[in-house]
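Summary of the model geometry
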Amino acid sequence: FYAHSKHGIPMSAMKSVKVLREPIDVLRTKNSSVAEGPVHPVEVIQDKHETNQTEGKLRMLAKIHGVHVPMRLKMDQTILAQQKRFPIPGLRPSFVGLETMLGKDETIEFEDYLSNPDFSEKEINIRAEVERSLEAPLRKN
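**Some words on the overall build of the protein chain**
Check the secondary structure of the protein chain and you find 8 helices and 0 strands. The helix and strand sequence of the protein chain, counted from the amino end, reads α-α-α-α-α-α-α-α. Counting the 141 residues in the protein chain, one finds 3% classified as buried. Restricting to contacts in the protein chain with at least 6 residues of sequence separation, those with at least 24 account for 28%. About 13400 Å² of surface is accessible on the protein chain, with carbon and sulfur atoms providing 58% of the total.

**Regarding a negative patch on the surface**
A cluster of acidic residues, Glu99, Asp105, Glu106, Glu109, Glu111 and Asp112, forms a negative patch on the protein surface. Within the secondary structure layout, Glu99 lies in helix H6 (residues 96-102).

**A few points about the pattern of salt bridges**
One pass over the full model with this rule turns up 3 salt bridges. For the salt bridge of Lys104 with Glu50, the shortest nitrogen-to-oxygen distance reads 3.2 Å. Taken together, the residues span a long stretch of sequence, with Lys104 in the loop between H6 and helix H7 (110-114) and Glu50 in helix H4 (residues 41-65) at a distance of 54 residues.

**Quick word on a nonpolar patch on the surface**
A grouping of Ile108, Phe110, Tyr113 and Leu114 is seen on the molecular surface, where their side chains present a nonpolar patch of about 510 Å² in accessible area. Relative to the helices and strands, Ile108 is located in the loop between H6 and H7.

**Focus on H4**
Its 25 residues give H4 an end-to-end C-alpha distance of 34 Å, which sits within 8% of 36 Å, the value for a rise of 1.5 Å per residue. Largest kink in H4: about 50°, centred on His49.

**Here we look at the packing of H4 against helix H5 (residues 68-82)**
For the pair H4 and H5, the least separation of the axes is 7 Å and the interaxial angle reads 135°. Judged by the angle between their axes, H4 and H5 are oblique. Facing Leu58, Leu61, Ala62 and His65 of H4, the residues of H5 in contact are His68, Val69, Pro70, Leu73 and Lys74. Counted by class, the contact of H4 with H5 contains 6 nonpolar, 2 polar and 1 charged residues.

**Description of the environment of Val96**
Turning to its location among the elements, Val96 is positioned in helix H6. Of the residues examined, Val96 reaches a relative accessible area of 38% and is grouped as partly exposed. As a C-alpha pair, Val96 and Leu80 span 16 residues in sequence and 8.6 Å in three-dimensional space.

The rules behind each value
- Residues numbered from 1 in each chain as written.
- Predicted model: local features only at pLDDT ≥ 70, side-chain atom pairs only at ≥ 80, totals over all residues.
- Heavy atoms only, no water.
- Helix = DSSP H or I, 4+ residues; strand = E, 2+ residues; numbered from the N terminus.
- Buried < 20%, exposed > 50% of the residue type's maximum accessible area, 1.4 Å probe, protein only.
- Contact = heavy atoms within 4.5 Å.
- Areas by Shrake-Rupley, 256 points an atom, 1.4 Å probe, with all protein chains shown as cover.
- Patch = residues over 30% accessible without salt bridge, like charges linked within 9 Å, V, L, I, M, F, W, Y side chains within 5 Å.
- Salt bridge = Lys/Arg side-chain N within 4 Å of Asp/Glu carboxyl O.
- Lys, Arg positive; Asp, Glu negative; His and termini not counted.
- Charge placed at Lys NZ, Arg CZ, Asp CG, Glu CD.
- Expected span 1.5 Å × (residues − 1).
- Bend = angle between axes of the 7 residues up to and from the residue.
- Axes fitted to C-alpha atoms, helices over the stretch in contact; angles between N-to-C directions.
- Parallel < 35°, antiparallel > 145°, perpendicular 65-115°, else oblique.
- Nonpolar A, V, L, I, M, F, W, Y, C, P; charged D, E, K, R; others polar.

Here's what the structure looks like:
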């Protein structure tokens, strides 16, 4: 026998609901009760998806080919994560080798074409950029 409120809701659920003493002014405080609440289970799954996929592939490789294969892949990833592409004037250096190894160069994601300001259409004066990059080491000495 469980105790229920007059609305048919179990009392244990009633105790977990926060009671507001005053209204929340979201526009002034930038706080909302939605952001403070617990994270949805699907969001947790989506956040961990890439990590789980990678770990699953490494476990499979270890079972099929031996433990040395995932160790070597992790070592290669560590080395490639330290090396950036040589900076081309007007473009930031990127981890081309690591992206190629992880297969991220084969797919086009939302972030690839909408959120990267480096891909915006703007004219670059390459000569001025090269001169600026060559002057930087001279200023340090």
